[in-house]
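Fold and geometry: a report
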Amino acid sequence: MAVKVYGAAMSTATVRVLLCLEEMGAEYELVPIDFSTGEHKSPPHVARNPFGQVPAFEDGDLMLFESRAISRYVLRKYKSSGPDLLREGSLEESAMVDVWLEVEAQQYDKAISAIYIETVIKPVFFGGVPDEKVVAESAAKLGKVLDVYEARLSKSKYLAGDFLSFADLSHIPYTHHIVAGPQASLFESRPHVKAWWESLASRPAYKKVTTGTPTS
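To keep things clear, this report deals only with the structure shown in the data block. (Residues numbered from 1 in each chain as written. Predicted model: local features only at pLDDT ≥ 70, side-chain atom pairs only at ≥ 80, totals over all residues. Heavy atoms only, no water.)

Brief notes about the nonpolar core
In this structure, Leu21, Leu142, Tyr149, Phe187 and Trp196 are the most contacted members of the largest nonpolar core, which totals 54 residues. Counting contributing residues per domain, this core is built from domain 1 (3–78) and domain 2 (91–206), each supplying no fewer than three. Among residues more than four places away in sequence, those in contact with Leu21 are Val3, Val5, Ala26, Tyr28, Val74 and Tyr78. Grouped together as the second largest cluster of nonpolar side chains are five residues, Tyr6, Val31, Ile33 and Ala56 included. (Core = buried A, V, L, I, M, F, W, Y, C linked by side-chain atoms within 4.5 Å. Buried < 20%, exposed > 50% of the residue type's maximum accessible area, 1.4 Å probe, protein only. Domains from an automatic or database assignment. Contact = heavy atoms within 4.5 Å.)

Next up, the structure:
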């Protein structure tokens, strides 16, 4: 029986989970949650995710929320059918995956998400105008984070080492949108970051999950 993902294709957190499912070749059903009607705050959905957010994930009697936790579950459940993206067979490699997942969540996400809200969410969904001060400040923060990435990626092909991992994939949901806008120069001006991103963007899972999602 296919697992179910309750979410929205435009949701970066939902995309994170879908990427992992696609990478592992898993069968799944995406159950759309309509934000415009407030469905994410409805009692049935709050029963799935008590914070009224997406995604929620159903596998038989098991219900999960929080995209990074769901993704780890997916990668463990289907580990025999896809790439080893958590590297749990090696203490050292799995530790490096954990380090860069923390960097993504605590450093990268905080800088890039503000740009995404201002340049994608506001104009596309609310017809608003981006706050250029917020965009500029966040771009400066992201640039400093990417300087660290550039140094790291000059030593290894991917963030955790010379192997693709969940730490890399977890960057895709926001980056997909930002590289389509004016802030793309933050990535293009750093050759190792640029090569890393191009490698991620060439993956079939990336192309399938992000096709049709508006970027600006």
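After presenting the structure, the write-up continues.
Description of the sheet that holds strand E2 (residues 28–32)
Taking strand neighbours across the sheet as the criterion, the four strands line up as E2-E1-E3-E4 in an open arrangement whose pairing is mixed. Looking along the sheet, the strands with just one partner apiece sit at the ends: E2 and strand E4 (62–65). Along the sheet, successive strands turn relative to each other by an average axial angle of 20°, direction set aside. Two elements, strand E1 (residues 3–7) and E2, share five bridges in a ladder whose sense is parallel. Bridging from a neighbouring strand, Val3 pairs with Tyr28 of E2. Sitting on the sheet, helix H1 (residues 12–23) is in contact with E1 and E2, with an inclination near 155° to E1. (Pairing = 2+ DSSP bridges. Helix = DSSP H or I, 4+ residues; strand = E, 2+ residues; numbered from the N terminus. Axes fitted to C-alpha atoms, helices over the stretch in contact; angles between N-to-C directions.)

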